[in-house]
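# Residue-level structure breakdown
Letter by letter, the chains look like this.
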Amino acid sequence: MAGWGAAEEKDKGRQPRSAAAPVTFAGTVGLFTSAIGPSFGTAVLFLSPWGFEEMCVRKFWRILAEDLADIGVASLRFDYAGTGDALDLADEGKGLEPWHETALAAAAKLKALSGCERLILVSQGLGGTVAAALAEQLEGIDGIAFLAPVVSGRAYLRELTVWSKMIDESMGLSEAQRQTEGVTVASLRMPDSAADAVRKLNLMTLDRLGTPNCLVLTRPGRPGDDDFARHLETLGPEVTQASYEGYDDLVSNPTIATMPTTAGRKIVEWVQSVAGNTTEITSTELTLPVAESLIGEGFRETPLRFGVGNRLFGILCEPQGARAGATALLLTTAYDRHAGWGRMSVTMARALARDGIASLRFDTANVGDSPPLSGVPEQVLYSRDQHLDVGEALDLLEKRGLLPAYVVGRCSGGYLAFQAALRDTRCRGLITVNPYSFHWDESRSVDEALRFAPRSLETYGRKLLQMETLKRLFGGQIDAKSAILNMATGLGRRAIRTARHLLGAFPVFAAAQGPVLGGFRTLARRGVDMSLIYSAHDIGLDHLHDEFGENGAGLKHFPDIRLTIIPEADHNLTPPYARKVYLREVREMGLRLANR
């Protein structure tokens, strides 16, 4: 029996594991993981949750798929219509029907790819309701795993409202900046008709379930989950119930999410027990089709694998007409999947294509759908290993005749973009948005920095004046010690900058030898087109001022660098006008580089 995470452990010291094989169907993108060795006659279809929760479980799904492959179970994971990498979908009042239709198409695709006629459905959150509906429409569903199921639609929508406010609070958004229309969380809005359909959902009213086996992973402190497990028992299936240990740590934030190892092990063991009841063994010598492109208004998107051993997964978005610009390499932020926060990268890629600019968005190793490199640390952010990923993405663009290229990234992706431009002369341009830093001290713990990320002094000042913040502070919901330490550090840095300015020490750049200023000089000598974009009160501005003086005065020594400050915007560029500024800068650089 392979244990949870055994796939990654097994791969250490070997060639990198290949990313799952991309397929397209019903206007969406799927990822098929074939069984390794002898195969059971049953395959697994993953049915994802929605929105922010889906972003958090993306990597979890990938690890589960790899471990299932190692025990002889093929699987498919996919995006519902209008979500992730799927084509956009107008809300025509059909509720959840488009998602159900996508799931039906995914089930048919999985059977065709795997050669299996029987399926197990592994669902989380809102995906559980899709699983229950699918079991009523298809024969041969051997089991359904309900992970943190949405039992009551009304309760779920209330929870999403709280979840949305917590996420916005963590990003420092004011009430005026929050997106509160309809059901919105982490810049993702659920179609109104879908929200209306969700509001009417109640799994406690199920009077039958078309499967003989169920696994229910219940969340501590959620009695509704336990009630649902007991209700399923009255419908006849054999129900296995276990605690969803690690759920809260998984869905709190993709950047610091901890994979739920105990839950993962339980899922793999349960799938093996159910699939083991089938005696049919299918051939693993399957020829997988090359994914066809998805065609949208003015763009053509092709999901593909690339790099050594096809270890990386990404989406190449090209204009339907002639190319008119350089190719944008859109880097991921932290552990957000390649679709971007609030599908920002998807929206940008398609808008660029309409203006003749191609782009590649992809997951770096151990992020989203790209497996990890063997023998490297689990934490990949601010790691030198990510430079290999960017290099292989540029190799792909060069092979396809899509150079010149320019790199675009936000936050940790902005850091990676700067470092990639320094290391690879094929990077003709650089756009970095709200980078925390341009240079990382490798003696510093990335995990600690992510968990206790500071904010700018202006942000701390505004929040201290808010009554809600004071209530949370005195209620112990805020780590006051870390906040005070971060403010003290910020005040100290600002005092040093002010003193140097008063003493005339800024800017003396001719003799400066620091890695950041030296890096900017290198890029300037190479004629790299550079654009720096910051939200007005982002902590990254403090670091920029550390290097270039108060208010970035030293940037005058680099006259070709464009500095854009977006007022009243958060770190993730949530307000629509902030994203328009970002898109405009990316578009203009792409067109400008094509003429050089």
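Conventions adopted
Residues numbered from 1 in each chain as written. Predicted model: local features only at pLDDT ≥ 70, side-chain atom pairs only at ≥ 80, totals over all residues. Heavy atoms only, no water. Helix = DSSP H or I, 4+ residues; strand = E, 2+ residues; numbered from the N terminus. Buried < 20%, exposed > 50% of the residue type's maximum accessible area, 1.4 Å probe, protein only. Contact = heavy atoms within 4.5 Å. Areas by Shrake-Rupley, 256 points an atom, 1.4 Å probe, with all protein chains shown as cover. pLDDT = per-residue confidence, 0-100. Pairing = 2+ DSSP bridges. Axes fitted to C-alpha atoms, helices over the stretch in contact; angles between N-to-C directions. Salt bridge = Lys/Arg side-chain N within 4 Å of Asp/Glu carboxyl O.

## Observations regarding the overall build of the chain
Counting its regular elements, the chain contains 19 helices and 21 strands. For the chain, the proportion of its 596 residues judged to be buried stands at 58%. Taking the intrachain contacts of the chain between residues at least 6 apart in sequence as the baseline, contacts between residues at least 24 apart amount to 76%. Accessible area for the chain stands at about 24,100 Å²; split by element, carbon and sulfur atoms hold 52% of it.

## Some details on the confidence of the model for the chain
Overall, the prediction assigns the chain a mean pLDDT of 88, with 86% of residues at 70 or greater. Note that pLDDT drops below 50 for residues 495-511; the model gives that stretch 25 contacts with residues more than four away or on any other chain.

## Structural notes on the sheet that holds strand β16 (residues 327-330)
Strands sit in the order β13-β14-β15-β17-β16-β18-β19-β20-β21 across an open sheet of nine strands; the sheet is mixed. Looking at the sheet topology across the chains shown, the edges are occupied by β13 (294-296) and β21 (562-566). Averaged over all pairs of adjacent strands, the angle between strand axes in this sheet comes to 20°, irrespective of strand direction. As paired elements, strand β20 (residues 529-535) and β21 share five bridges and run parallel to each other. Note on β21: the bridge partner recorded for Leu-532 is Leu-563. The strands touched by helix α11 (residues 385-399) within the sheet are β14 (299-306), β15 (312-319), β16, β17 (359-363), β18 (405-410) and β19 (427-433), with β17 carrying the most contacts at an inclination of about 145°. Along the sheet, helix α19 (residues 576-594) makes contact with β18, β19, β20 and β21, crossing β19 at roughly 170°.

## A word on the pattern of salt bridges
A full pass over the atoms with the stated rule returns 34 salt bridges. Note that Arg-222 and Glu-159 form a salt bridge whose closest N and O atoms lie 3.5 Å from each other. Taken together, the positions of Arg-222 in the loop between β10 (213-218) and α7 (223-234) and Glu-159 in helix α5 (residues 153-170) put the pair 63 residues apart, joining distant regions of the chain. By relative accessible area, Glu-159 is classed as partly exposed at 29%. With a closest N to O distance of 2.6 Å, Asp-168 and Arg-178 form a salt bridge. With Asp-168 in helix α5 and Arg-178 in the loop between α5 and β8 (183-185), this pair connects stretches of sequence that are ten residues apart. Exposure class is identical for Asp-168 and Arg-178. Each is buried. Salt bridges here are not isolated pairs; linked through shared partners, they connect Glu-54, Arg-58, Arg-77, Asp-79, Asp-85, Asp-88, Glu-301, Arg-337, Arg-343, Arg-350, Arg-361 and Asp-369.

## Section: the sheet that holds strand β2 (residues 28-33)
Judged by pairing direction, the sheet is mixed, and its eight strands sit side by side in the order β1-β2-β5-β4-β6-β7-β10-β11 without closing on themselves. Every interior strand has two partners, whereas the edge strands, β1 (21-25) and β11 (238-243), have only one. Adjacent strand axes in the sheet meet at a mean angle of 20° when their direction is disregarded. As defined by bridge partners, strand β4 (residues 42-47) adjoins strand β5 (residues 75-78) across two bridges and the pair is classed as parallel.

## Topic: the environment of Pro-319
Inspection of the secondary structure puts Pro-319 in strand β15. Separated by 24 residues in the primary sequence, Pro-319 and Ile-295 have C-alpha atoms spaced 9.9 Å apart. Every residue in contact with Pro-319, bar those within four places of it in the chain, is listed here: Gly-298, Arg-300, Ala-353, Gly-356, Ile-357 and Ala-358.

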